[in-house]
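# Structure assessment
What follows is each chain in one-letter form.
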Amino acid sequence: MTRKINIFDTTLRDGEQSPGASMNTEEKLVVARQLLRLNVDVIEAGFPISSPGDFESVRRIAELAGDQATVCGLTRAVEKDIDAAADALKYAKRPRIHTGIGVSPSHLRDKLRITEDECVERAVKCVKYARNFVEDVQFYAEDAGRSDYDFLVRVIEAVIKAGATVVNIPDTTGYSLPEEFGARIKYLMDHVDGIEKATVSVHCHNDLGMATALSLAGVKNGATQVECTINGLGERAGNTAMEEVVMGIKMHGDELDACTEINTREFIKASRLVSSITGMNVQANKAIVGANAFAHSSGIHQDGVLKKRDTYEIIDPADVGAGTSQIVLTARSGHAALKHRLEELGYELEGEALDQVYEAFLNLADKKKEVYDEDLESLVNERDRNESALYALEGVQVSTGFPLTPTATVTLRNAADQVVTACEYGTGPIDAVYKAVNKIVQVDNELTEFSVQSVTRGIDALGEVTIRVTAPDGGVYTGRGADNDIIVSSTKAYLNALNRLLNDKQEHRR
C-alpha cells in the first residue's frame with residue numbers, strides 16, 4: 001500500500017523569517033485560506049511567544065482551520081513558550097505543539113553550552129510538558145543534519161518514549177548531501193526503538209540548492225512528513241518548496257512508494273498570492289511555478305511540444321494551475337510554431353504567404369526579445385497591405401536634429417517594377433518623408449489625421465501609425481503601417497493610404 005506523505009506547511013512561520021517577507025495577521029489569514037484550498041495536512045501558523053501578532057495569528061488560524069488541517073505553534077524547549085503556544089491553540093480542533101532543541105556538537109557546545117545528557121533531559125522534559133496540553137506533540141532535533149548518528153538516535157528514542165507523536169529531523173543549515181541525509185533517516189528507522197509509533201518528518205534548507213532533493217531522499221528512506229513552504233520561502237536561501245517536493249512525489253510515486261493529498265491545481269494561485277503579499281518575486285526559471293516553467297522558445301522544442309506535449313514536458317501545466325504550455329516566439333522559433341500561433345489567432349497561411357510572414361517575423365524577432373500576438377497581427381496586416389500596393393517601400397533614410405534641416409531620401413518600387421528615389425526637405429522628419437513620397441507618387445491629397453501607438457509593451461515594441469488623407473473629391477482614405485522605427489511606420493502608413501486612394505481611382509475608371 002502506498003504511503004501517504006503529510007505536507008507540513010511552514011510558510012507562515014519559517015517562510016516569514018525570510019528577510020523582507022514578514023506578514024501581518026490579516027495577510028497570514030489570507031495565505032492560510034489558500035493553504036486550506038491546497039489541502040495541506042499541517043499549518044505551522046507561527047511562533048506564539050515571539051510577539052502578540054504571532055500569537056494572534058496562531059489563535060485565529062486555529063479557529064479558521066477547524067477539522068480540515070492540524071494547526072501547529074512553534075516553541076523552544078522552554079515552559080513559557082509552551083504555555084503561550086497552548087494558549088494560542090486552545091480553540092483549535094486539531095492542535096499541535098512543535099517544540100525542540102539543538103542536537104549537533106555545534107549547537108550543544110557554542111549555542112546551548114550544555115552536555116549531551118543535559119540535552120536529552122531538556123528534550124524529554126519539554127515533550128512531557130507539552131503533552132499536558134495537547135495529544136499531538138512534534139519534537140524538532142535542530143541541526144540534526146550535522147549531529148552524531150548515535151546521539152541523534154538516543155535523543156529521538158527518548159522523546160518518543162516521552163510522548164512525541166512526530167519527530168522532526170531538520171537539515172537546518174542545508175549542509176547535507178541527499179545520499180547522506182537519506183542514510184541518516186534510514187539509520188534512525190533501523191535503530192530507534194519505537195520509531196514506528198511516531199511520524200518521521202524532514203525539514204530541509206536550500207543553502208546548497210538541494211532542499212527538495214534532501215526531502216525526497218528522506219521520503220525514500222522512511223519519512224512520512226515533509227516540511228515545506230510556498231515558493232521555497234525561508235531563512236537564508238529558503239526551505240523545501242512545497243510545489244517542487246509534491247510534484248516530485250507525484251512524478252516518482254512508485255519509486256518512492258509515496259503520495260500526497262495536495263490539490264496541485266492550486267499551486268500557481270498560491271505562488272502568486274504569497275509573492276504578492278510578501279513582495280518576494282518568483283524567479284522566471286523557478287521549477288513548477290516560474291513564468292518560464294512551461295514556456296518553450298527553441299524551435300526544436302516547440303515543434304516537439306506541438307506534436308506531443310510530453311515530448312518536452314513531464315508535467316501537464318493544467319495539473320499545477322498553469323493553464324497550457326506557452327510557445328514563446330523568438331528568433332529561435334521555426335515555421336511550425338509561427339503557423340500554430342497564427343492559426344490560434346485565426347489566420348490560415350500556407351506556402352509563399354507563410355514564408356513571407358515568417359521572413360518578416362524573423363526580421364522583427366532579431367530586434368526584439370519576444371514577439372507577441374499583436375506583433376503577429378501587425379505583420380500579417382502589413383503583408384496584406386503590401387499585396388495590392390501600387391507603390392512599395394524599398395527604403396527610407398532621414399537626417400534630422402538640431403541645428404540640421406530635416407532631410408529625407410525615399411526609394412519606392414512601382415507597379416511596373418521600377419525603382420524611383422526622391423529627396424526632400426521638411427519642417428520635421430515626417431514632413432520631409434511625406435514630401436519625398438509625394439514627389440514620386442504625385443497624387444493630390446491632404447493629410448487630416450496622424451496618430452502613433454505602441455503595438456506591444458517594452459521599449460523595443462512595434463510602433464503602429466494610423467493616418468487619414470482626404471482626396472480632392474472628398475474621399476477619405478485610412479493608412480496603417482507598423483515597424484520598430486517610427487519613421488518607417490509613418491512612411492508605410494502614408495503609402496498605404498495613397499495606394500488605397502490610387503486603387504479607388506482605378507476602380508472608378510473601370
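Residues numbered from 1 in each chain as written. Predicted model: local features only at pLDDT ≥ 70, side-chain atom pairs only at ≥ 80, totals over all residues. Heavy atoms only, no water.

## Looking at the overall build of the chain
This is how the line gets drawn: Counting from the N terminus, the helices are DSSP H or I runs at least four residues long and the strands are E runs at least two residues long. In this treatment the radius of gyration is a C-alpha quantity, and the globule benchmark scales as 2.2 Å times the residue count to the 0.38 power. Relative accessibility decides the category of a residue: with a 1.4 Å probe and only protein chains considered, values under 20% of the type maximum give buried, values over 50% give exposed, and everything between is partly exposed. We call two residues in contact when some of their heavy atoms are within 4.5 Å. Surface exposure here means Shrake-Rupley accessible area, sampled with a 1.4 Å probe, where a residue is shielded only by the protein chains that are shown. In this tally Asp and Glu are treated as negative and Lys and Arg as positive; neither His nor the chain ends contributes. Working definition for charges: the position is that of NZ of Lys, CZ of Arg, CG of Asp or CD of Glu.
Across its full length, the chain holds 17 helices and 18 strands. Taking 24 Å as the expected radius of gyration for a compact globule of 510 residues, we find that the chain reaches 33 Å, considerably beyond that expectation. Counting all 510 residues of the chain, 51% fall into the buried class. Put simply, of all contacts in the chain between residues at least 6 apart along the chain, 65% involve residues at least 24 apart. If you sum the accessible surface of the chain, you get close to 23,300 Å²; carbon and sulfur atoms cover 47% of it. Across the chain, 56 positive and 78 negative side-chain charges occur, with their mean positions spaced 3 Å apart.

## Section: the domain arrangement of the chain
What counts here: Domain delimitation in this document rests on an assignment produced automatically or drawn from a domain database. Summed over both partners, buried area is the accessible surface (1.4 Å probe) that two parts give up on being assembled.
Annotation of the chain at the domain level lists domain 1 (1-276), domain 2 (293-382) and domain 3 (388-506). On a C-alpha basis, the centres of domain 1 and domain 2 stand 43 Å from each other. Taken together, the contact pairs seven residues of domain 1 with seven residues of domain 2. Summed over both sides, the interface of domain 1 with domain 2 buries roughly 610 Å², with 61% coming from carbon and sulfur.

## Comments concerning a nonpolar patch on the surface
Keep this limit in mind: Each patch groups residues whose relative accessible area exceeds 30% and which form no salt bridge, using 9 Å between like charges and 5 Å between nonpolar side chains of Val, Leu, Ile, Met, Phe, Trp and Tyr. By convention in these notes, a salt bridge is any Lys or Arg side-chain nitrogen within 4 Å of a carboxyl oxygen on Asp or Glu.
A contiguous nonpolar surface patch, about 310 Å² in accessible area, is contributed by Leu447, Phe450, Val452 and Ile486. Mapped onto the secondary structure, Leu447 falls in strand S16 (residues 446-454).

## Concerning the nonpolar core
Cut-off, in case you're wondering: In plain words, nonpolar cores are sets of buried Ala, Val, Leu, Ile, Met, Phe, Trp, Tyr and Cys residues tied together by side-chain atoms within 4.5 Å.
In this structure, Phe139, Ile156 and Met242 are the most contacted members of the largest nonpolar core, which totals 92 residues. Summarising the domain contributions, this core has at least three residues from each of domain 1 (1-276) and domain 2 (293-382). Those residues in contact with Met242 that lie beyond four places of it in its chain are Ile7, Asp9, Leu35, Leu38, Val40, Cys228, Thr229, Ile230 and Phe267.

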